[in-house]
Amino acid sequence: MPIYKIRGVDVDFPYEAYDCQLVYMEKVIQALQEKSNALLESPTGTGKTLCLLCATLAWRKSLGGFSTCRSERSGCHMGSKLSDGPLSQSEPSNLPTIIYASRTHSQLRQVIQELKRTNYRPKMVVLGSREQLCIHEEVSLLRGRTQTNACHSLCKKRTKRYCSHFPRVAEFMKENPDLGDEPIDIEELVNIGKSCGPCPYYVSRELHKVADIMFAPYNYLIERGNRKSLSVRWNDSILIFDEAHNLESLCADAASFDLSSWILTACISEAKNCIDLAIARRDKSNDKSCNPDDFAILRALLLKLEKRIAEVPIESKDLGFTKPGPYIYELLADLNITYKTATMLIGTIEEAALLLEEGANVADNEGPRKMKGIVCRLESMGDILKLIFRDGSTSHAGYYRFHVQEVEASDTAAFKGKASRTLSWWCFNPGLAMDSFSQLGVGSIILTSGTLSPMDSFAHEFKLEFPIRLENPHVISANQIWVGVVPSGPSGYAFNSSYRSRDLVEYKLELGNAIVNFARIVPDGLLVFFPSYYLMDQCIGCWKNMNPTNLTNSSTVWERICKYKQPVVEPRQSSLFPLAIDDFMTKLKDSSTSGAVFFAVCRGKVSEGLDFADHAGRAVVVTGMPFAPRTDPKVRLKREYLDQHTQSNQIGSKVLTGEEWYSQQASRAVNQAVGRVIRHRHDYGAIIFCDERFAYPSRQSQISLWIQPHIKGYSKFGEVVFTLTRFFRDGATRGPTKLELTGSEDHGNANRLKTAQSLDKLRLEKFIAPLVHLGIFFECKVKRNLCLFSTFPLSF
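Residues numbered from 1 in each chain as written. Predicted model: local features only at pLDDT ≥ 70, side-chain atom pairs only at ≥ 80, totals over all residues. Heavy atoms only, no water.

What to know about the overall build of the protein chain
Each helix and strand in the protein chain was counted, giving 28 helices and 24 strands. When the 796 residues of the protein chain are sorted by exposure, 57% land in the buried category. Once local pairs closer than 6 in sequence are excluded, the contacts in the protein chain between residues at least 24 apart make up 78%. Accessible area of the protein chain: about 34,400 Å², with a carbon and sulfur share of 51%. (Helix = DSSP H or I, 4+ residues; strand = E, 2+ residues; numbered from the N terminus. Buried < 20%, exposed > 50% of the residue type's maximum accessible area, 1.4 Å probe, protein only. Contact = heavy atoms within 4.5 Å. Areas by Shrake-Rupley, 256 points an atom, 1.4 Å probe, with all protein chains shown as cover.)

A closer look at the packing of helix α21 (residues 533-545) against helix α22 (residues 557-564)
In a pair of packed helices, the angle between the axes and the distance between the axes together describe the arrangement. As a packed pair, α21 and α22 sit with axes 5 Å apart at the nearest point and diverge in direction by 95 degrees. Overall, the two elements α21 and α22 adopt an arrangement that is roughly perpendicular. Across the interface between the two elements, I540, W543 and K544 of α21 pack against V557, W558 and I561 of α22. For the contact of α21 with α22, the residue count by class is five nonpolar, no polar and one charged. (Axes fitted to C-alpha atoms, helices over the stretch in contact; angles between N-to-C directions. Parallel < 35°, antiparallel > 145°, perpendicular 65-115°, else oblique. Nonpolar A, V, L, I, M, F, W, Y, C, P; charged D, E, K, R; others polar.)

Brief notes about the packing of helix α24 (residues 633-648) against helix α25 (residues 658-674)
The contact between α24 and α25 brings their axes to 7 Å, and the two run at 135 degrees. As summarised for this structure, α24 and α25 are arranged oblique, according to the angle between their axes. Residues V635, K638, R639, L642 and D643 of α24 form the contact with α25, whose own contacting residues are G658, E659, W661 and Y662.

So, the pattern of salt bridges
Opposite charge on two side chains makes pairing possible when the charged atoms of those side chains draw close. Scanning the entire structure with this criterion turns up 31 salt bridges. Across the pair K116 and E188 runs a salt bridge, and its minimum N-O distance is 3.7 Å. With K116 in helix α3 (residues 105-117) and E188 in helix α7 (residues 186-196), this residue pair connects regions lying 72 residues apart in the sequence. Of the residues examined, E188 reaches a relative accessible area of 32% and is grouped as partly exposed. We note a salt bridge from R636 to E640, for which the minimum N-O separation is 3.7 Å. With R636 and E640 both in helix α24 and four residues apart, this pair spans about one turn of that helix. By relative accessible area, which is 35% here, E640 ends up partly exposed. The structure contains a network of salt bridges with shared partners spanning K48, D242 and E243. (Salt bridge = Lys/Arg side-chain N within 4 Å of Asp/Glu carboxyl O.)

A word on the nonpolar core
Across soluble globular proteins, nonpolar side chains have a tendency to be buried as a group. Formed by 99 residues in total, the largest nonpolar core has its most connected members in F215, F241, L247 and L447. The element that contributes the greatest number of residues to this core is helix α2 (residues 48-63), accounting for nine residues. Setting aside residues no more than four positions away along its own chain, F215 makes contact with L53, Y100, L108, V111, I112, L115, M124, V125, V126 and L127. Of all hydrophobic cores here, the second largest spans 52 residues; its members include C274, L298, L302 and I388. (Core = buried A, V, L, I, M, F, W, Y, C linked by side-chain atoms within 4.5 Å.)

Things to note about the side chain of K565
Locating K565 in the fold gives a position in the loop between α22 and β16 (566-569). Buried charge without a partner: K565 forms no salt bridge, and the closest opposite charge is D524, 6.6 Å away. In this structure the side chain of K565 is engaged in a polar contact, spanning 3.2 Å, whose partner is the backbone oxygen of A519. For K565, the side chain forms a polar contact with the main-chain oxygen of D524, separated by 3.4 Å. Those residues in contact with K565 that lie beyond four places of it in its chain are A519, V522, P523, D524, L526, S594, G595, A596 and V597. (Lys, Arg positive; Asp, Glu negative; His and termini not counted. Polar contact = N/O pair within 3.5 Å; in protein donor to acceptor, adjacent residues only side chain to side chain.)

A short note on α21
Its 13 residues give α21 an end-to-end C-alpha distance of 18 Å, which sits within 8% of 18 Å, the value for a rise of 1.5 Å per residue. Regarding α21, the residues found buried are L535, M536, C539, I540, C542 and W543. All buried residues of α21 project into a common sector of 160 degrees when viewed along the axis, lining one side. Taken together, the buried residues of α21 touch α20 (505-521), β15 (524-530), α22, β16 and β17 (595-601). (Expected span 1.5 Å × (residues − 1). Arc of directions from axis to C-beta.)

Focus: the confidence of the model for the protein chain
Of all residues in the protein chain, 83% have pLDDT values of 70 or greater, and the mean over the chain is 83. Every residue in residues 363-369 is under pLDDT 50, and counting partners more than four places away or in other chains gives five contacts. Every residue in residues 781-796 scores below 50 in pLDDT, and together they form 40 contacts with partners more than four places removed in sequence or on other chains. (pLDDT = per-residue confidence, 0-100.)

Let's talk about α20
Over its 17 residues, α20 extends 25 Å from the first C-alpha to the last, a length consistent with the 24 Å expected when each residue adds 1.5 Å. Where burial is concerned, most of α20 is hidden: 15 out of the 17 residues are buried.

Side note on the sheet that holds strand β3 (residues 38-41)
Strands sit in the order β5-β6-β4-β7-β12-β3-β13 across an open sheet of seven strands; the sheet is parallel. Strands at the two margins of the open sheet, each flanked by one partner only, are β5 (124-126) and β13 (468-471). Between one strand axis and the next, the sheet turns through 15 degrees on average, direction left out of account. Summarising the sheet, strand β7 (residues 238-241) and strand β12 (residues 444-449) pair through four bridges and their orientation is parallel. In the sheet register, F241 faces β12, and the bridge partner there is L447. (Pairing = 2+ DSSP bridges.)

So, the environment of E138
Inspection of the secondary structure puts E138 in the loop between α4 (130-133) and α5 (144-154). Its relative accessible area of 10% is what places E138 among the buried residues. For the pair E138 and A150, spaced 12 residues apart in sequence, the C-alpha separation works out to 9.2 Å.

Here's the deal with the packing of aromatic side chains
Counting across every chain of the model gives 29 aromatic pairs. Pairing F584 with F598 gives two aromatic rings, centres 5.0 Å apart and planes at 45 degrees, and the pair type is tilted. With F584 in helix α23 (residues 577-589) and F598 in strand β17, the pair connects residues that are 14 residues apart, well separated along the chain. Both residues of the pair, F584 and F598, count as buried. Cluster of aromatic residues (ring-pair linked, three or more members): F257, Y329, F389, Y400 and W425. Between the NZ or CZ atom of R618 and the centre of the ring of Y684, over which it lies, the distance is 3.8 Å. We note R639 situated over the ring of Y662; from NZ or CZ to the ring centre the distance is 4.6 Å. (Phe/Tyr/Trp six-rings, centres within 6.5 Å; stacked < 30°, edge-to-face > 60°. Lys NZ or Arg CZ within 6 Å of the ring centre and 35° of its normal.)

Looking at the sheet that holds strand β11 (residues 421-427)
If you walk across this open sheet you meet the four strands as β8-β11-β10-β9, and the pairing is antiparallel. What marks the edges here is a single partner per strand, and that holds for β8 (257-260) and β9 (321-324). Here the average twist between neighbouring strands, direction ignored, is 15 degrees. With four bridges connecting them, β8 and β11 associate as antiparallel partners. Following the sheet pairing, D258 is matched in β11 by S424.

Structural notes on unusual backbone geometry
S453 connects to P454 through a cis peptide bond whose omega is -5 degrees. Here P454 shows up in the loop between β12 and α19 (456-462). Positive phi, normally seen in glycine, also occurs at D236, with a value near 65 degrees. With respect to the helices and strands, D236 occurs in the loop between α10 (224-228) and β7.

A closer look at the state of the cysteines
Under the definition given, this model contains zero disulfides. Residue C163 stays outside any disulfide, its sulfur separated by 5.1 Å from that of C155, the closest cysteine. Residue C163 is classed as buried on the basis of its relative accessible area, which comes to 9%. Its sulfur unpaired, C251 is 9.1 Å from the next cysteine sulfur, which belongs to C427. Residue classification places C251 among the buried residues on the basis of a relative accessible area of 3%. (Disulfide = S-S within 2.5 Å.)

Written out as structure tokens, the structure reads:
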């Protein structure tokens, strides 16, 4: 493997590195050497993850050896027979710990695969929840807090049904000091637990204390409770947030809460159940460990809170009731809930959770007890109190807004005649989480993603300095990408998805006719992104139900789309999404058709983390700017918050206005959507912006930097059809033809890619051939409801 000297550090890289990869690794090492924070954007397919691992581990290795057992015992490899020597896990070193975070375990799984490609073998561990790691036959079936409580209960030695896996952890760790020397994923750790007996969850918890690099989901770092449970030497540690394009909202959401009427009602009911259980336990066995009076006080306070929320004056359903963040202390003080009493209430809630769990698992007279999972809503109330009274301080409340709004009542609430309301305490400073890391003495924070642009909001929102920034180019050539702004459709009607025109039939039909043409020109997979579910539903409904002509036997827009591509529509329900993906892949592989089209929504699941490589995504169409609804209370208050802070800031200091934030959030959603189409070094595809606003220089400046040089505006739809057809005709000999849709990220090296085959060319010829004989034709809707075909000469 080649070794590159970067800023005095020898970086062992598994392949010949591209120039953009060397630049990326240089920025990583610079941030680590200077103990600076960095914002690093590198498009998917440029090997971002591999570069990040190699550069970080090379720098760490330059400071001292890794905490592996290689120097003590040769031949230590995971997967071999477990060693039986007396060695114990080594003591943690004083060298910096690397914490690598991503959004999901599936993404972390891909990172571990990239680590296996390198020559670096640090002591490592992947942290997971009990849902991923528990192997107890009953506890593993539970979820959430119920599972945690059951685990704690069965790990206590006084419990008759003591978990057999927990006590095996210490001995296993002592006998296997090599654990973590080779990259090991969660699935492999679970398999070790099942075959050898130790609890994988507690094995990972022990291993992370001595690991050189730790992999974890975001919530392990962002949520205060999870972070406090980690035994990490934070001083000078390195925090890496991969796929960080949504980190702002995740940090803010982790510090916020929404308390709905139905949750509060459930908490009151649970408190009543606790009173009854405590009384029954006292009367039956004289067990006074739980005082029913404590639960009675809790229930009374919750009833008062419910009444107080119901009495909040809401003059406008759209605006709700809003106060500054500190108002929540005023409301709670009226209920005699202060920091001191909240601490006691939290203790009572923890007792209640255990009591409810034990009450649900009462032994059955007819046989052995079977553990039952229950959801304890009271625990969410405990989390709310911890958030409000964190650290005994109220200073953080200035970053919040208190809001109460009417919501659509459930059937039960409506039947009882009660208004359904939600009390929200929204944090508008994502920097609270990052500030905690600064207080812990973290050395460097690196935020990286394939789509960070526009970057300014990150620095402003997190209230951190990011002196090191990078917007990397792609490793592809100019002939592998087509990017066009299409301001109008086949008949010349302007594309603009703003509220002024999006509901007009003319706009929806014009957009549909344009997509008919794209479906005919683009081979295989076509992705069409709408600004919202509302607009997607409106357009598809129009295309299905409106006959565009008065001619006999004329087809609807939807029927003409289906003539060229089999459609799949992104569902609103997350549970249905895997079925939609399977449907898309099945239709894409159907040789009797010309591919499939996936209608999706910006900020939806299709736009996040999925790899539409090669045939799965030959083009992406963005039908408009995905601005969040201005009337949404959270959006409105966020803008007001930023504008107020803009006015209070000193003249000359950098600020982010509410309008700038609003615009940048929409642009970032666009960048995330268009990032689906070019996924590796030999991929190729088209990006089609169907909104005249994308022609504005201010809008194009917020598109990812690697895309900007390729953007071209077209005044006539015929030019779009002409150049797009030629692009895909030439693309028949460009790249690989594998049909692929995974959550993985290719590191961009040609050594791992399949060579091109003739299948791509054959598929293109199947539906481009009619276009190239006499000229290009496209369908358009003109006055008098006639569908015409326009032609113009075409030279190849």
